[in-house]
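Single-letter residue listing:
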Amino acid sequence: MTEDEFDLFYTAAYPRLVGQLYALTGDHAEAQDVVQEAFIRAWDRRASVLNGERDPEAWIRTVAHRLAMSRWRRARHWWHLVRGDHATRPVPEPGPDHVALVAALRRLPEAQRTAIVLHHLCDLTVEQTAAETGAAVGTVKARLSRGRTALATHLVSDAPHPTEEACA
């Protein structure tokens, strides 16, 4: 892949990948950071990753997801060590639907959440999701089914009841 081809690929894939990683992490700045780092790693390995039989966007998404999970583990470990005050960054207010969806996704087990995001938000087929996660197609189908059921339960149970809205 030439430098110009990489630039075109980056321009097309970066916003989509940031959106997908944002759905997984719930942190837009973190999503941008890990996707950028994944692209840097792809550039360093462009001969094998970008010109091979692999789907380069899937490779970058996988690397970014692993980076995000690694950073989350390190941050959690650090937080447990210091348990101190930390400065919060101002973030634009998300809409109520977005908040409800992210909260419901966070309540799912990681395997189900990953399958839901890859299949429904990244528009990957079940087979592509299976290939990207290293799971069998049947396992991905089960994770999607269970994840959708749990997600629907979480979204319905978190929604205010009509009588609550009338009283407010």
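Being a predicted model, the structure only gives us computed values, none of them experimental. (Residues numbered from 1 in each chain as written. Predicted model: local features only at pLDDT ≥ 70, side-chain atom pairs only at ≥ 80, totals over all residues. Heavy atoms only, no water.)

A.B. asks: Which residues make up the layout of surface pockets, and what are the values?
C.D. replies: As a volume, the second largest pocket reaches approximately 240 Å³. Looking at the second largest pocket, it is lined by 15 residues, and the ones nearest its centre are H65, T114, L118, E132 and T133. When contributions to the lining of the second largest pocket are tallied by element, the ones reaching two or more residues are α4 (56-82), α6 (110-121), α7 (126-133) and α8 (137-158). Sort the elements by how many residues they give to the lining of the second largest pocket and α6 lands first, with five residues. Taken together, the residues that form the lining of the second largest pocket break down as five nonpolar, five polar and five charged. (1 Å grid on protein atoms, 1.4 Å probe; cavity = no way out; pocket = protein on both sides within 12 Å on 5 of 7 lines; lining within 4 Å. Points joined across faces, edges and corners; volume = space filled by probe spheres on them. Helix = DSSP H or I, 4+ residues; strand = E, 2+ residues; numbered from the N terminus. Nonpolar A, V, L, I, M, F, W, Y, C, P; charged D, E, K, R; others polar.)

A.B. asks: Lay out the pattern of salt bridges with the relevant residues and their values.
C.D. replies: Throughout the structure, instances matching the rule amount to four salt bridges. A salt bridge links E57 to R16, with the shortest nitrogen-to-oxygen separation between them at 2.7 Å. One end of the pair, E57, is in helix α4; the other, R16, is in helix α1 (residues 3-25), with 41 residues separating them in the sequence. With relative accessibility at 13%, the residue E57 sits in the buried group. Two residues, R61 and E57, come together in a salt bridge whose shortest N-O distance is 3.8 Å. In this pair, R61 and E57 are both assigned in helix α4, four residues apart and thus about one turn of the helix distant. (Salt bridge = Lys/Arg side-chain N within 4 Å of Asp/Glu carboxyl O. Buried < 20%, exposed > 50% of the residue type's maximum accessible area, 1.4 Å probe, protein only.)

A.B. asks: Pulling in residues and values, what's your account of the side chain of T129?
C.D. replies: As for its position among the elements, T129 is in helix α7. Ignoring sequence-local partners within four residues, the contact set of T129 consists of A115, L118, H119, L124 and V140. (Contact = heavy atoms within 4.5 Å.)

A.B. asks: Provide a residue-level description of α1, including the pertinent values.
C.D. replies: Remark: the principal bend of α1, roughly 35°, maps to A13, with a proline, P15, within the next four residues. Here α1 has its buried residues at F6, F9, A13, Y14, L17, V18, Q20, L21, A23, L24 and T25. (Bend = angle between axes of the 7 residues up to and from the residue.)

A.B. asks: Residue-level account of the packing of α6 against α7, with values.
C.D. replies: Running from N to C, α6 and α7 cross one another at 135°; their axes reach a closest spacing of 9 Å. With respect to their mutual orientation, α6 and α7 come out oblique. Between α6 and α7 lies a crossing of right-handed hand. Listed contacts from α7 to T114, A115, L118 and H119 of α6 are V126, T129, E132 and T133. (Axes fitted to C-alpha atoms, helices over the stretch in contact; angles between N-to-C directions. Parallel < 35°, antiparallel > 145°, perpendicular 65-115°, else oblique. Left-handed = near helix turned anticlockwise from the far one by under 90°.)

A.B. asks: How would you explain unusual backbone geometry if you had to name every residue and give the values?
C.D. replies: The residue D123 is not glycine, and still its phi comes out positive at about 55°. Here D123 is to be found in the loop between α6 and α7. Look at D123 and you get exposed, because its relative accessible area is 62%.

A.B. asks: Residue-level account of the nonpolar core, with values.
C.D. replies: Counting residues in hydrophobic clusters, the biggest one holds 26 residues, and the most contacted among them are L17, L21, V34, V35, F39, I60 and A64. Considering every element that reaches this core, the biggest residue donor is α1, with nine residues. Apart from residues lying up to four places away in sequence, F39 is in contact with F6, F9, Y10, A13, Y14, L17 and I60. (Core = buried A, V, L, I, M, F, W, Y, C linked by side-chain atoms within 4.5 Å.)

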